[in-house]
Amino acid sequence: MTSEKRRTLLIFSGLAALYAGFRIVPGWGGDKLVFEKMNDPSGFRRLAGGESSTGFDPFFGLKPQSRSNLADVESRVRQNICASLYGETPSDGQPVPVAFFSDYYCPYCRVLTKRLSAIEARPDAGIRVIVHEWPLLGQASTLAAKAALAARIQGAYAAFHERLMKTPFQVTPEYLRVLAQDIGIDQAKMFADMDSDSVIRDLENSAALARILAFIGTPGTVIGRTAIQGEVSEGTLLDVAAQEQEEGWTSVCRQT
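This write-up is about the structure you can find in this document. (Residues numbered from 1 in each chain as written. Predicted model: local features only at pLDDT ≥ 70, side-chain atom pairs only at ≥ 80, totals over all residues. Heavy atoms only, no water.)

### Quick notes on the overall build of the chain
Rule in force here: A run of DSSP states H or I qualifies as a helix once it reaches four residues; a run of E qualifies as a strand once it reaches two. Both are numbered from the N-terminal end. For each residue, the accessible area found with a 1.4 Å probe, counting protein chains only, is set against the maximum for its type, and the residue is called buried under 20%, exposed over 50%, and partly exposed in between. Throughout, a residue-residue contact means that at least one pair of heavy atoms, one from each residue, lies within 4.5 Å. Surface exposure here means Shrake-Rupley accessible area, sampled with a 1.4 Å probe, where a residue is shielded only by the protein chains that are shown.
When helices and strands are counted, the chain shows ten helices and eight strands. For the chain, the residues scored as buried account for 44% of the 256 residues in total. Put simply, 73% of the contacts in the chain that link residues at least 6 apart link residues at least 24 apart. Split by element, the accessible area of the chain, about 12900 Å² in all, is 54% carbon and sulfur.

### Some remarks on the environment of Ala151
Structurally, Ala151 can be placed in helix α5 (residues 139-153). In this structure Ala151 comes out as buried when scored by relative accessible area, which is 0%. Considering only alpha carbons, one finds Ala151 and Asp193, 42 residues apart in sequence, at a separation of 8.3 Å. Setting aside residues up to four positions removed in sequence, Ala151 forms contacts with Ala156, Tyr157, Phe160 and Ile185.

### Some thoughts on the pattern of salt bridges
Note the threshold: Salt bridges are counted wherever a side-chain nitrogen of Lys or Arg sits within 4 Å of a carboxyl oxygen of Asp or Glu.
Applying the stated criterion to the full structure yields 17 salt bridges. Two residues, Arg45 and Glu244, come together in a salt bridge whose shortest N-O distance is 3.3 Å. On the criterion of sequence distance, the pair formed by Arg45 in strand β2 (residues 45-48) and Glu244 in helix α10 (residues 234-247) is long-range, its members being 199 residues apart. Arg76 is the salt-bridge partner of Glu204, the closest N and O atoms lying 3.3 Å from each other.

### Overview of unusual backbone geometry
Trans peptide bonds make up the majority, and among non-glycine residues the majority have a negative phi. Put simply, Asp40 and Pro41 share a cis peptide bond, and its omega is 0°. Among the structural elements, Pro41 can be located in the loop between β1 (36-37) and β2. Cis geometry marks the peptide bond from Thr218 to Pro219, where omega comes out at 0°. As for its position among the elements, Pro219 is in the loop between β6 (217-218) and β7 (220-223). Non-glycine residue Ala214 carries a positive phi angle of around 65°. When you line up the elements, Ala214 lands in the loop between α9 (197-212) and β6.

### Focus: the packing of α5 against α9
For the record, the criterion: Throughout, an axis means a line fitted to C-alpha atoms (over the contacting stretch in the case of helices), and angles, computed between N-to-C directions, take values from 0 to 180 degrees. Reported orientations rely on four angle classes, namely roughly parallel under 35 degrees, roughly antiparallel over 145, roughly perpendicular from 65 to 115, and oblique for the rest. Should the near helix be turned counterclockwise from the far one by less than a right angle, the crossing is left-handed, whereas a clockwise turn marks it as right-handed. Residue classes follow a fixed rule: Ala, Val, Leu, Ile, Met, Phe, Trp, Tyr, Cys and Pro count as nonpolar, while Asp, Glu, Lys and Arg count as charged, and any other residue, Gly among them, counts as polar.
Two numbers describe how α5 lies on α9: the axes approach to 10 Å, and their chain directions differ by 125°. The angle between the axes of α5 and α9 places the two elements in the oblique class. Helix-helix and strand crossings are classified by hand; for α5 and α9 the assignment is right-handed. Contacts between α5 and α9 involve Ala145, Lys146, Leu149, Ala150, Arg152 and Ile153 on the former and, on the latter, Ser198, Val199, Ile200, Asp202 and Leu203. When its residues are assigned to classes, the contact of α5 with α9 shows seven nonpolar, one polar and three charged.

### A look at the sheet that holds β2
So the rule is basically this: Paired strands are those between which DSSP finds at least two bridges.
The strand order β1-β2-β8-β7-β4-β5 describes an open sheet built from six strands, whose pairing is mixed. The open sheet has two free edges, formed respectively by β1 and β5 (127-133), since each of these has just one partner strand. Pairing between β1 and β2: two bridges, direction antiparallel. By the bridge assignment for β2, Glu36 is matched with Arg46. Sheet contacts for helix α4 (residues 107-120): β4 (96-102), β5 and β7; angle to β4, the most-contacted strand, approximately 160°. Here α10 sits on the sheet and contacts β2, β4, β5, β7 and β8 (226-229); the angle it forms with β2, its principal contact strand, is near 160°.

### Regarding the nonpolar core
Applied cut-off: For our purposes a nonpolar core is just a set of buried Ala, Val, Leu, Ile, Met, Phe, Trp, Tyr and Cys residues, chained together by side-chain atoms within 4.5 Å.
In this structure, Leu85, Phe101, Phe160, Leu164 and Val222 are the most contacted members of the largest nonpolar core, which totals 69 residues. Ranked by residues supplied to this core, first place goes to α5 with eight residues. Here Leu164 is in contact with Tyr104, Arg110, Ala144, Ala148, Val171, Tyr175 and Leu179, once residues within four sequence places are set aside.

Written out as structure tokens, the structure is:
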């Protein structure tokens, strides 16, 4: 082999290795993360995301059944915004929580659901996903969200959420009866719980959080203290979570 051919081969080998690195290592070849400081909530920041399904009024489908004044709901979640987002006040050393605001009929939410589930399932994932039902895309979305939250009361939220994310059908009461039967929960209790104070409160809280964070559609994610509107790549999810862990993001929970 001539020296010229050897040099050409080495160049192509180097380019191939570099390309593989871009594909395999999160963050390689990507743009530097550029954060925008948020004045409200204090200590949080924003990062631009990808495509999203544009929403309507964040309290769409709730007003006729809301138990609380909307201003009161916002005040309620602001009392401890980290606990409202993540179900608890996180502490240092725990996996970084990811609050995921989702609608069952948002195609980008379906993609991101799979992505988050795959990452969370890894032994060294370093993240914990908390789903917020935020139905924006019509009455079928609201019906599905209420059913999933009602199923949670019977310990079947994960099964309901997975099936609803995969279904190609518009949710109807008839479909929910079949789904409840397949999963093995009490249908009558599920339908009764769909309009319970507990379920309505959960939907109100998620809608208020979305409004505070200025989300305009689904999906919306909050990784530690970083709010992202739209679909998020695996590399960005991992990079942001690692940076949040490194920077000790939980200090923001003591400021709010």
